[in-house]
There are 2 protein chains.
Amino acid sequence: MLSSSSKYAVNAVLYLAVHSNDKNKIRAKEIAEAIKLPSPFLSKLLQSLSRENIISSSKGPTGGFYLTKQALNTPLIEVVNIIDGTSRLEDCVLGLKKCSSEQPCPVHYSVQPLKQKFRKELQENISVFAEKVKNGEAYLFV
Amino acid sequence: MLSSSSKYAVNAVLYLAVHSNDKNKIRAKEIAEAIKLPSPFLSKLLQSLSRENIISSSKGPTGGFYLTKQALNTPLIEVVNIIDGTSRLEDCVLGLKKCSSEQPCPVHYSVQPLKQKFRKELQENISVFAEKVKNGEAYLFV
DNA sequence: TAAATTTGGGACTTAATTGTCTTAATTTTT
DNA sequence: AAAAATTAAGACAATTAAGTCCCAAATTTA
């Protein structure tokens, strides 16, 4: 459904949403330890997100990654789109090039609505999911 | 969602469901050409399915792969389970080891019901999907 | 200004998936 | 019985995804 990379990225972004702000930046290493991930690999992912302005960063001591208030209003799915691209969630489940309602694959009508709902659920802003973690309704690790 | 391998396998099985029976076996090469797939690779997939008795095969001239009437009543998801295993469709979307309703990940309640529905849709028998192709309601290629 | 710390970028390595090839076993036809 | 056709099995190759490493650039602190 999602690649390992974008799973990591979503976790890391939600961690930042919960724990960081422009006054409180967090180093890649700290995030990696918190969500139990190889730190150099996570760094690459965070850099990709930073390059695309999903998250912010600053260098040097006291530097790190963080989310601005406005970044909290980004749909979570954008994280996935940047790391995985969109085709993974949009292409035909059976891999047919021209699957559509005009020329559906055999599972199209069973599955296509579910895929669409899935994307719609991830359209919710980062803040919505982060709130659940803050409330103790949801967890980021273990 | 599904690996390329299991997409191929599902396509091939549905092709067999539509075109084969115990009197009319189909060679791997013919299936590969029909659904536009590398034939040696498809052979491996068909062999895996045959070993697990999802499809039938016989060797020699006039040999090939086929589906018995009773095999048509197999849930389509079994094809996926054999090629991909079950974890791909069951594990937490964010990759958390212990994600559950007691300890949900932030997207659990948004996404878990959709995954369950997805599996349920694929529980339909092979014959159900094959009928759609026979009726011209669905297509297996291009 | 120099040292320390952190992100940025790219080359490199490793692992998993996808795809190919060769040979053996089985069955049919002649 | 021999030849031809097909699946079965497993080793091998290529591609993609995952993960590591090194050095440069920027920033802070002393």
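Residues numbered from 1 in each chain as written. Chains lettered and ligands numbered in written order. Predicted model: local features only at pLDDT ≥ 70, side-chain atom pairs only at ≥ 80, totals over all residues. Heavy atoms only, no water.

S.K.: I'd like to hear about the overall build of chain A, residue by residue, with values.
M.R.: Helix and strand content of chain A: seven helices and two strands. Secondary structure elements of chain A occur, N-terminal to C-terminal, as α-α-α-β-β-α-α-α-α. Principal-axis analysis of the C-alpha atoms gives chain A an extent of 55 × 30 × 30 Å. Accessible surface, chain A as shown: approximately 7,300 Å² in total, 46% of it carbon and sulfur. Between the centroid of the 19 positive side chains of chain A and the centroid of its 13 negative side chains there is a distance of 5 Å. (Helix = DSSP H or I, 4+ residues; strand = E, 2+ residues; numbered from the N terminus. Areas by Shrake-Rupley, 256 points an atom, 1.4 Å probe, with all protein chains shown as cover. Lys, Arg positive; Asp, Glu negative; His and termini not counted. Charge placed at Lys NZ, Arg CZ, Asp CG, Glu CD.)

S.K.: Please give an account of the side chain of K115(A) that cites residues and values.
M.R.: All names here are of chain A. Within the element layout of this structure, K115 appears in helix α6 (residues 108–121). Buried K115, no salt bridge; nearest opposite-charge side chain is D91, N-O distance 6.8 Å. Polar side-chain contacts of K115 include one of 3.2 Å to the backbone oxygen of E90. (Buried < 20%, exposed > 50% of the residue type's maximum accessible area, 1.4 Å probe, protein only. Salt bridge = Lys/Arg side-chain N within 4 Å of Asp/Glu carboxyl O. Polar contact = N/O pair within 3.5 Å; in protein donor to acceptor, adjacent residues only side chain to side chain.)

S.K.: Can you explain the relation of the copies chain B and chain A? Please cite residues and give values.
M.R.: Note: a rotation about an axis with an accompanying shift along it relates these two copies of the chain. You can overlay chain B on chain A at an RMSD of 0.0 Å; the transform is a turn of 180° with a shift of 0.0 Å along its axis. On this basis, the relationship between the two copies can be described by a two-fold rotation axis. By C-alpha distance to the rotation axis, the residue of chain B lying nearest is M1(B), at 2.0 Å. (Least-squares fit on C-alpha atoms with pLDDT ≥ 70 in both.)

S.K.: Report on the side chain of S110(B), specifying residues and quantitative values.
M.R.: Within the secondary structure, S110(B) sits in helix α6 (residues 108–121). The residues touching S110(B), leaving out its near neighbours within four places in the chain, are E121(A), F129(A) and K132(A). (Contact = heavy atoms within 4.5 Å.)

S.K.: Break down the state of the cysteines for me, with residues and values.
M.R.: Residue and element names in this part refer to chain A. All chains considered together, the criterion is met by zero disulfides over all chains. Lacking any disulfide linkage, C92 is separated from the closest cysteine sulfur, that of C99, by 3.7 Å. Take C92: its relative accessible area is 10%, and that puts it in the buried class. (Disulfide = S-S within 2.5 Å.)

S.K.: With reference to specific residues and values, describe the environment of V18(B).
M.R.: Residues and elements named next belong to chain B. Looking at where V18 falls in the secondary structure, it is placed in helix α1 (residues 4–19). For V18, a relative accessible area of 19% gives the class buried. Separated by 34 residues in the primary sequence, V18 and E52 place their C-alpha atoms 20 Å from one another. Here V18 is in contact with A130, V133 and K134, once residues within four sequence places are set aside.

S.K.: Before we move on, could you go through the protein's contact with DNA strand D and cite the residues and values that matter?
M.R.: Taken together, 26 residues sit near DNA strand D, with Y8(A), P38(A), P61(A), R27(B) and S57(B) positioned nearest. Taking all atoms of DNA strand D within 4 Å of the protein, the share assigned to sugar and phosphate is 69%. Within the side chain of R27(B), one N or O atom sits 3.5 Å away from a phosphate oxygen of DNA strand D. R51(B) places a polar side-chain atom, nitrogen or oxygen, 3.1 Å from a phosphate oxygen of DNA strand D. With four residues, helix α3 (residues 39–51) of chain B is the largest single contributor of residues to the surface near DNA strand D. (Near = heavy atom within 4 Å.)

S.K.: So, the protein's contact with DNA strand C: which residues are in play, and what are the values?
M.R.: R27(A), S57(A), Y8(B), P38(B) and P61(B) are the nearest of the 26 residues found near DNA strand C. Put simply, 72% of the atoms of DNA strand C that lie within 4 Å of the protein are in sugar or phosphate. S5(B) places a polar side-chain atom, nitrogen or oxygen, 3.2 Å from a phosphate oxygen of DNA strand C. In the model, a sugar or linking oxygen of DNA strand C is placed 3.4 Å from a nitrogen or oxygen of the K59(B) side chain. Only α3 (39–51), β1 (56–58) and β2 (64–66) of chain A together with α1 and α3 of chain B provide two or more residues apiece to the surface near DNA strand C. Among the elements that make up the surface near DNA strand C, the one with the highest residue count is α3(A) (four residues). Split by residue class, the surface near DNA strand C holds nine nonpolar, eleven polar and six charged. (Nonpolar A, V, L, I, M, F, W, Y, C, P; charged D, E, K, R; others polar.)

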